[in-house]
Amino acid sequence: MRLPRSGGFLALAGWPHLAALTLLELFLLVEPTAVALVTGELVGRLAQGAAGQGPAGMGTMLALLGALLVIGNVLRATSRPLAERAGRRIDAAVREELTARVLALPTLDRVEDAVLQDELTTMRSPLLTWTDEGIGAAAVGRFRAGLTMAGLVTAMLVLSSVVWWWGPATAAVALLLGRLRARRWREFFAVVSGTMPAALRGRAWSDMLSDSRDAKEVRIFGLTGWLERHAEENIADAVRQVTGARLALLRRELSVFLGWAVTASVVYVAVASSGEVSVGRIAAVIGAVSAMFVISMSSQDQDMAEAAAPAIDAVTRIRALAPGLEPPPAPDGTGEVALRDVRFGYGQAPVLEGVTLTLRRGEVIAVVGVNGAGKTTLAKLLTGQYRPDGGTVVIEPSAYAVYQDFNRYELSAYDNVRIAAPEATREQVEAAALAVGATELIERLPRGWETVLSPKYDGGGDLSGGQWQKIALARAALAAACGARLLVLDEPTANLDIEAELDAFDRIRQVRGRAAVVLISHRFSTVRRADRIVVLSGGRITEEGTHDELLAASGEYARMFDLQARQFKEST
Ligand SMILES: Nc1ncnc2c1ncn2[C@@H]1O[C@H](COP(=O)(O)OP(=O)(O)OP(=O)(O)O)[C@@H](O)[C@H]1O
């Protein structure tokens, strides 16, 4: 069942490559038998010469043999790079296709899907394929393995020219031993695949030892020994299983080789006792048996296909898992982004239920609620990263969001801001930084705007949590300046001190233009300045209004506000 699938991958190498590879491989497969035939003929004529009949046509035969050997060696040297190139082209095409498929997934929940992530890990894992180019190498390998049949047929014809049944009999043994060997390799790779989860777990543990993000806590809490123990436990178990399987494979390989030795010996004895007098034919038969042995046993290509089988299966499943979805509904021309009676949950239990919310252009809406109330989920629904389970969300296509865990790109400060609107001009980028008060901190960096924001780079710099948030706010300001109609700010100022947060909030208000701003924050000093405040509780919007209206209503908002105000007074 695997053949058509790898055949499908093969086409990705491109027809010119495949045609060149086919011609070259066919020549190389027929070449050992042709060399055997010409050598046999040459030896025969030499024997005739020794018998006094004169070495007729020796020059031509020698030239032919020389040409075969030279061309064979040149093409053999070309064959591997050509096959590798074809394999790499296939890998590149598969990567491109899968990346496009995952990027085309309209919602984040599909990308986060555990099954999809597992399949992607399996597909990429060099542990499975033992090479970075597994699928390509496998598809080309299987193709080359198919071509070996041509070599087998040629060698078979030579053997049958002496005694008709020798050819089919030897070829049958060759095929049988080849299949046996392939099955052993399949068993071996099944063991390797089985150890994948443990090996990946072990790698995850050991990655924590060297990952710079984890290094701080690993050292502070003295976790090195603990992590090493877990890494070793998982990896040692995987290595033990693979080593055992490898030893078993070696033993079985030996028996296959012995099988061949016996077959070759039988043919040689049969030739010797057949009364065949032509030295040339004897040499050709010996050459043909050797060629058959080489062809059926050098099945690395076949092995490669076995190794990559799980990766090929994973790609097939990813293709099935990640079909395109209908695009979300676009704004209906009223200029309003809206959630209507929305229901959403990550699993069985709903996180949001019956949520209806309309955002007006230029309005600042604050969303408040206790931890886990569903504020971030609401933000992700608004920007179309999740699809609701029920109700409708009208998505604003030109939205920009800054989440709590916004990306800290290992790029220059300039690119870290510009990334919000890659088409922005230098003036716009600098104006956005100025608007949120980030200019000074950027200009103080070792190379100013060109400083890479990562200490991993020579001349790179790092920023404090609050400074990073100013970069993220500059992105939002730039997006607004470049036409974003919706800004979602999910706790973008949590690391700023109160004064800096109020200042940042005022600045965002100033630059928002016609964009609606959704601000998620736990700080009521900022929240109270929003045009409208919604309270999320138990998955529903329980209160909605201005700060004064909500205080007057004496509901949950008023309670949370009082609590925070009291704490603030007590601490000052
Ligand atoms: N990717 C996810 N997969 C599964 N459950 C999730 C996921 N993200 C959030 N949740 C769950 O959904 C609920 C709402 O989470 P959400 O992050 O929206 O809350 P929040 O109000 O933003 O909380 P916080 O104030 O702590 O940031 C929580 O119970 C959380 O555990």
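Residues numbered from 1 in each chain as written. Predicted model: local features only at pLDDT ≥ 70, side-chain atom pairs only at ≥ 80, totals over all residues. Heavy atoms only, no water.

**Observations regarding the UniProt feature "transmembrane region" (unreviewed entry) in the protein chain**
This is how it is decided: UniProt positions are given in the numbering used here, feature names are shortened, and annotations may be inferred rather than shown by experiment. Strands here mean DSSP runs of E at least two residues long; helices mean DSSP runs of H or I at least four residues long; both are numbered from the N terminus.
Per the UniProt annotation, the sites labelled "transmembrane region" (unreviewed entry) are residues 56-75 and 152-177. Helix makes up 81% of residues 152-177 and strand 0%, and the two end C-alpha atoms of the span are 13 Å apart.

**Here we look at the pattern of salt bridges**
Quick reminder of the rule: Salt bridge, as used here: a side-chain nitrogen of Lys or Arg that lies within 4 Å of a carboxyl oxygen of Asp or Glu. For every residue, the accessible area obtained with a 1.4 Å probe (protein chains only) is divided by the maximum for its type, and the residue is called buried under 20%, exposed over 50%, and partly exposed between those limits.
If you walk through the whole model with that rule in mind, you get 17 salt bridges. Between aspartate 415 and arginine 418 there is a salt bridge whose closest N-O contact spans 3.1 Å. Remark: arginine 418 and aspartate 415 occur in helix H15 (residues 413-418); sequence separation between them is three residues, near one turn of the helix. A relative accessible area of 29% places arginine 418 in the partly exposed class. Residue arginine 509 pairs with aspartate 531 through a salt bridge whose shortest N-O separation is 2.8 Å. Residue arginine 509 is located in helix H19 (residues 498-511), and its partner aspartate 531 is located in the loop between helix H20 (524-527) and strand E8 (532-537); the two are separated by 22 residues in the primary sequence. Connected via shared salt-bridge partners are Arg360, Glu363, Arg532 and Glu544.

**Structural notes on the sheet that holds strand E3 (residues 364-368)**
Our working definition: Each pair of strands is called paired provided DSSP finds at least two bridges between the two strands. In this description, a line fitted to the C-alpha atoms serves as the axis of each element, helices being fitted only across the stretch in contact, and the angle between N-to-C directions of two axes falls anywhere from 0 to 180 degrees. Contact criterion: two residues are considered in contact whenever any of their non-hydrogen atoms come within 4.5 Å of each other.
Spatial ordering of the open sheet is given by E5-E6-E7-E3-E8-E9, a layout of six strands whose pairing is mixed. Edge positions in the sheet fall to strand E5 (399-402) and strand E9 (540-545), since each has one partner strand and no second. The mean angle between the axes of side-by-side strands here comes to 15°, regardless of whether they run parallel or antiparallel. Strand direction decides the pairing type here: E8 and E9, joined by five bridges, are antiparallel. Along E9, the bridge assignment pairs leucine 536 with isoleucine 541. Across the sheet, helix H18 (residues 465-481) lies against E5 and strand E6 (486-490), angled at about 170° from E5, the strand it touches most.

**Structural notes on the environment of leucine 10**
Structurally, the position occupied by leucine 10 is in helix H1 (residues 2-10). On a C-alpha basis, the gap between leucine 10 and phenylalanine 143 in space is 7.8 Å, while along the polypeptide they are 133 residues apart. When near neighbours in sequence (up to four residues on either side) are disregarded, leucine 10 contacts Leu18, Ile90, Ala139, Val140 and Phe143.

**Concerning the site of the ligand**
Convention followed: Definition of nearness: a residue and a molecule or strand are near each other if at least one heavy atom of the residue lies within 4 Å of the molecule or strand. The definition of a polar contact used here is a pair of N or O atoms within 3.5 Å, where within protein one atom must be able to donate a hydrogen and the other to accept one, and adjacent residues in sequence count solely through side-chain atom pairs. Values of accessible area rely on a 1.4 Å probe in the Shrake-Rupley scheme; residue burial ignores everything except the protein chains shown. Under this grouping Gly is polar, as are all residues other than the nonpolar Ala, Val, Leu, Ile, Met, Phe, Trp, Tyr, Cys and Pro and the charged Asp, Glu, Lys and Arg.
In the vicinity of the ligand, 15 residues are found, and the nearest of them are Gly372, Gly374, Lys375, Thr376 and Thr377. Between the ligand and the protein, one listed contact pairs a nitrogen atom with a side-chain N or O atom of tyrosine 346 at 3.4 Å. A distance of 3.1 Å is found between an oxygen atom of the ligand and a side-chain nitrogen or oxygen belonging to histidine 522. Compared with its free state, where it exposes 640 Å², the ligand has 60% of that area covered by protein. Of all the elements, helix H14 (residues 375-382) adds the most residues to the shell around the ligand, at three residues. Per-class residue counts for the shell around the ligand are five nonpolar, seven polar and three charged.

**Section: H14**
Each turn of an α-helix holds 3.6 residues, which means side chains three or four residues apart point in the same direction. Most of H14 sits inside the fold, with seven of its eight residues counted as buried. At the exit of H14 stands glycine 384, carrying a positive phi of roughly 80°.

**Regarding the packing of helix H9 (residues 196-210) against helix H11 (residues 224-272)**
Put simply, the rule is: Relative orientations are named as follows: roughly parallel for angles under 35 degrees, roughly antiparallel for angles over 145 degrees, roughly perpendicular for angles from 65 to 115 degrees, and oblique for any other angle. Each helix crossing is assigned a hand: it is left-handed if the near helix lies turned anticlockwise from the far helix by less than a right angle, otherwise right-handed if that turn is clockwise.
Between H9 and H11, the shortest axis-to-axis distance is 8 Å and the interhelical angle comes to 155°. As judged from the angle between their axes, H9 and H11 are roughly antiparallel. The element H9 and its partner H11 pack so that their crossing is left-handed. Counted together, Ala198, Ala199, Arg201, Gly202, Arg203, Trp205, Ser206, Met208 and Leu209 of H9 and Thr224, Trp226, Leu227, Glu228, His230, Ala231, Asn234, Ile235 and Ala238 of H11 form the full contact between these two elements.

**Some points on unusual backbone geometry**
Non-glycine residue aspartate 341 carries a positive phi angle of around 50°. Positionally, aspartate 341 belongs in strand E1 (residues 337-344). Positive phi outside glycine occurs at serine 554, with the angle close to 55°. Structurally, the position occupied by serine 554 is in the loop between helix H21 (547-553) and helix H22 (556-571).

**What to know about H18**
Stated formally: A helix is expected to reach a length of 1.5 Å times the quantity of its residues less one.
Between its first and last C-alpha, H18 extends 24 Å over 17 residues, near the 24 Å set by a 1.5 Å rise per residue. In the stretch just after H18, glycine 483 is the one whose phi turns positive, near 110°.

**A few points about empty space enclosed by the protein**
Our working rule: Definitions used throughout: a 1 Å grid over protein atoms alone; a cavity as a set of points that fits a 1.4 Å probe which cannot get out; a pocket as an open set with protein on both sides within 12 Å along at least five of seven lines; a lining residue as one with an atom within 4 Å of a point. Grid points are joined across faces, edges and corners, and a volume is the space filled by probe spheres set on the points.
Scanning the entire structure with this criterion turns up two cavities of 30 Å³ or more. Estimated volume of the largest cavity: approximately 50 Å³. If you go around the largest cavity, the residues you meet are Leu473, Leu489, Pro492, Thr493, Glu501, Ala504, Phe505, Ile508, Leu519 and Thr526. Looking at the lining of the largest cavity element by element, the count peaks at four residues for H19. Of the residues that constitute the lining of the largest cavity, the class distribution is seven nonpolar, two polar and one charged.

**Digging into the nonpolar core**
The following threshold applies: The term nonpolar core refers to a set of buried residues drawn from Ala, Val, Leu, Ile, Met, Phe, Trp, Tyr and Cys, joined through side-chain atoms within 4.5 Å.
If you look at the biggest cluster of nonpolar residues, it comprises 53 residues, and the most contacted ones within it are Val368, Tyr400, Ile442, Leu487, Ile533 and Tyr557. In this structure leucine 487 touches Tyr400, Ala476, Ala479, Ala480, Ala515, Ala516, Val517 and Val518, once residues within four positions along its chain are discounted. One finds Leu357, Tyr386, Ile395 and Leu486 within the second-largest nonpolar core, a separate group that totals 26 residues.

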